[in-house]
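# Fold and geometry: a report
Residue strings, one per chain:
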Amino acid sequence: RVAVVGAGVSGLAATKCCLDEGLEPTCFESSEDIGGVWRYTEHIEAGRPSLYPSVISNTSKEMSAFSDFPFPEHFPVFLPHARLLDYLRRYAERFGLREHIRVWTTVVSIRKRPDFATTGQWNVVTEAAGQQTSEVFDAVMVCSGSFSEPSLPLQCFPGIERFRGQYFHSRQYKHPDVFQGKHVLVVGMGNSGVDIAVEATRVAAKVTISTTQGAWLQGRMFERGYPWDMILNTRFMSLIKTNLPGPLSWWLVNYKMNQWFNHENYGIQPERSCPVREPVINDDLPSYILTGRITIKPGVKEFKESSVLFHNCPEEEPIDIVVFSTGYIISFPFLEESDVRVENKHASLYKYVFPTHLQKPTLAVLGLVKTLGAIMPVAEMQARWVSRVFKGLCLLPSQSVMEKEVNEKKKNQVQWFGLTYDEVLKTEWLVYLDTLASFIGAKPSVLGLLCTDPWLALTIFFGPCSPYQYRLGGPGRWEGARHAILTQWDRVLKPTRTRVPAGSSSFPSLLVVLGFLLLLAAVIFSF
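Everything quoted here is computed from the prediction, not taken from an experiment. (Residues numbered from 1 in each chain as written. Predicted model: local features only at pLDDT ≥ 70, side-chain atom pairs only at ≥ 80, totals over all residues. Heavy atoms only, no water.)

Across its full length, the chain carries 17 helices and 26 strands. By the compact-globule yardstick of 24 Å for 527 residues, the chain fits well, its C-alpha radius of gyration being 24 Å. Its C-alpha atoms give the chain principal-axis dimensions of roughly 70 × 65 × 45 Å. Every one of the 527 residues in the chain was classed for burial, and the buried ones make up 53%. Contacts spanning at least 24 positions in sequence make up 68% of the contacts within the chain whose residues lie at least 6 apart. Mean positive and mean negative side-chain charge positions of the chain (53 and 51 charges, respectively) differ by 4 Å. (Helix = DSSP H or I, 4+ residues; strand = E, 2+ residues; numbered from the N terminus. Rg over C-alpha atoms; globule rule 2.2 N^0.38 Å. Buried < 20%, exposed > 50% of the residue type's maximum accessible area, 1.4 Å probe, protein only. Contact = heavy atoms within 4.5 Å. Lys, Arg positive; Asp, Glu negative; His and termini not counted. Charge placed at Lys NZ, Arg CZ, Asp CG, Glu CD.)

With that settled, the discussion passes to the pairing of strand β2 (residues 25-28). Here β2 shows two buried faces, one formed by P25 and C27 and the other by T26 and F28. Examined bridge by bridge, strand β1 (residues 2-5) and β2 share four bridges and lie parallel to one another. Paired with V2 across the strands is P25, a residue of β2. For the handedness criterion, the β-α-β arrangement of β1, helix α1 (residues 9-20) and β2 is classed as right-handed. The pairing of β2 with strand β3 (residues 101-102) spans two bridges and is parallel. Looking across to β3, one finds that F28 is bridged to R102. (Pairing = 2+ DSSP bridges. Right-handed = clockwise from strand over helix to strand, strands pointing away.)

Looking at the secondary structure, you find E380 in helix α10 (residues 375-391). Among the polar contacts made by the side chain of E380, one reaches the side chain of R471 at a distance of 3.2 Å. When near neighbours in sequence (up to four residues on either side) are disregarded, E380 contacts A13, C17, F66, S67, D68, Y91 and R471. (Polar contact = N/O pair within 3.5 Å; in protein donor to acceptor, adjacent residues only side chain to side chain.)

Our focus in this paragraph is the nonpolar core. Ranked by internal contacts, the top residues of the largest apolar core, which has 110 residues, are M141, F179, F354 and W385. When neighbours within four sequence positions are excluded, F354 is seen to be in contact with S348, L349, P361, L363, A364, W385, V386, V389, F390 and L396. (Core = buried A, V, L, I, M, F, W, Y, C linked by side-chain atoms within 4.5 Å.)

Before going further, it helps to spend a moment on the confidence of the model for the chain. Summing up the model confidence of the chain, the mean pLDDT is 90 and the portion of residues at 70 or higher is 90%. Contacts for the low-pLDDT stretch residues 414-425, under 50 throughout, to residues beyond four places or in other chains number 49 contacts. Here residues 506-511 is modelled with pLDDT under 50, and outside its nearest four sequence neighbours on either side it reaches zero contacts, counting other chains as well. (pLDDT = per-residue confidence, 0-100.)

Further remarks concern the sheet that holds strand β17 (residues 321-324). Through backbone hydrogen bonds, the strands of a sheet pair up, either in parallel or in antiparallel fashion. Spatially, the five strands line up as an open sheet ordered β8-β17-β9-β10-β13, and their pairing is parallel. On the outer flanks of this sheet lie β8 (166-169) and β13 (294-297), each paired with one strand and no other. For this sheet, the mean angle separating the axes of adjacent strands, direction not counted, is 20°. The sheet contact formed by strand β9 (residues 183-187) and β17 spans four bridges and is parallel. Residue pairing for β17: L185 is matched across the bridge by V322. The sheet contacts of helix α5 (residues 191-200) involve β9, β10 (206-210), β13 and β17, and relative to β10 the element is tilted by about 165°. (Axes fitted to C-alpha atoms, helices over the stretch in contact; angles between N-to-C directions.)

Taken together, the side chains of L248, W251 and Y255 define a hydrophobic patch exposed on the protein surface, amounting to about 340 Å² of accessible area. Inspection of the secondary structure puts W251 in helix α8 (residues 246-257). Judged by relative accessible area, W251 falls into the exposed class, the value being 51%. (Patch = residues over 30% accessible without salt bridge, like charges linked within 9 Å, V, L, I, M, F, W, Y side chains within 5 Å. Areas by Shrake-Rupley, 256 points an atom, 1.4 Å probe, with all protein chains shown as cover. Salt bridge = Lys/Arg side-chain N within 4 Å of Asp/Glu carboxyl O.)

Turning our eyes to something else, we now look at the side chain of S67. For S67, the position within the fold is in the loop between α2 (61-64) and α3 (81-94). Side chain to side chain, S67 and R471 meet in a polar contact 2.7 Å long. In this structure, S67 is in contact with E380, R384, P467, Y468, R471 and W478, ignoring residues within four places of it in sequence.

As structure tokens, this is what we get:
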């Protein structure tokens, strides 16, 4: 019996993967329905993520799909929250997950049983309709997410106590009406902060974004109008990213990101000496800066009663409302602190999943890793691995080996594009997926496919690393995987190519065919 905490993306994947392995999952969801962060509610619920109505996915549907369940072809390429929730409901229906989910049931506590050293079992106390129930489970998957408890470090902002205006965390934002005629300051340049700043310009008198480190900005649309993640997240690109030396990597990312617009001219260029986070995904910010609707400023130095001072800026800026887009705190209130150790926003987990110090590997945390790519395939791959560990089909390394790896990540920080991140929960998307897939025997072999199915091999290597690749073989093999891979671009073009000019052809040109033949030769020689 496996207890699954939360019925969002990770929880649904965990429940399904448990069923695939013949385990008995019970998924506990504290709210009225499934969907997690993607189920919009007008009011803010304690302990739940909160969306604003205009949220659209930052990753495309083909790269965000569960590996054996493609999105419907008529769905848009990037999905409004309602469409993504619809997909999750279809997924639950298709694989019969509803009967294993208990809604309106809050997990109160999860504690090791006295005989944990031999059984690995847990006492799980839940509460529903005011009554508490205690049950014994053989294993636990924590899928409660990391967007419920906002981080609001007011002590880092001198003078905030005398600021007479309004301030709140971005989690509380719903509609731009609150900014009507106001001077708005957004502190932090993450995805939510930039989204809110863009929306505020519709009604605000002035909008300013304060950023200490800057950020790379990436639109959803990349080269030739294709989705950014289908162009950047390929095996070929990953090979380049992970093997280039640091200075060359910096030059490459600087070159690619500045192809859209020169970040330095727009005041958001990250400094090379600073830790660099993943790019912000937004389609509007450059034009809003260009037209004066949004101004970029350095970090906040001090708040006054009705104004703010920025570093290296002598003049005060009048401010009425401050939105703190300052991230979230990782917490597991139902667990004992000793079970999952969290310090400096980092949970000490092997491969971002398993606590390293437990006597039995029967507790796993899903969906906590941060990658430059869709979270749904990552959470699903974690769940496939975890369910096989629980079943005894996959073994973890010794405690000392796991702790050594976790401590090295803490010490050295994760490397990506030759740059260091300041949060060690981040890792390279494709490398991480391949690592977990290799644990369960589901990593595709490009070399092997070159001999048996060269067109598929080329598509896998040079094309998008869509999740269906991890269903071509191994446990959980899906017969439809090959077809899903070879038709992925059809599903991308279906909702956009709604007008086809007379005389256009859908057949590839001779040049494209010759190009692929040359690439095939290059791959063969590289191996």
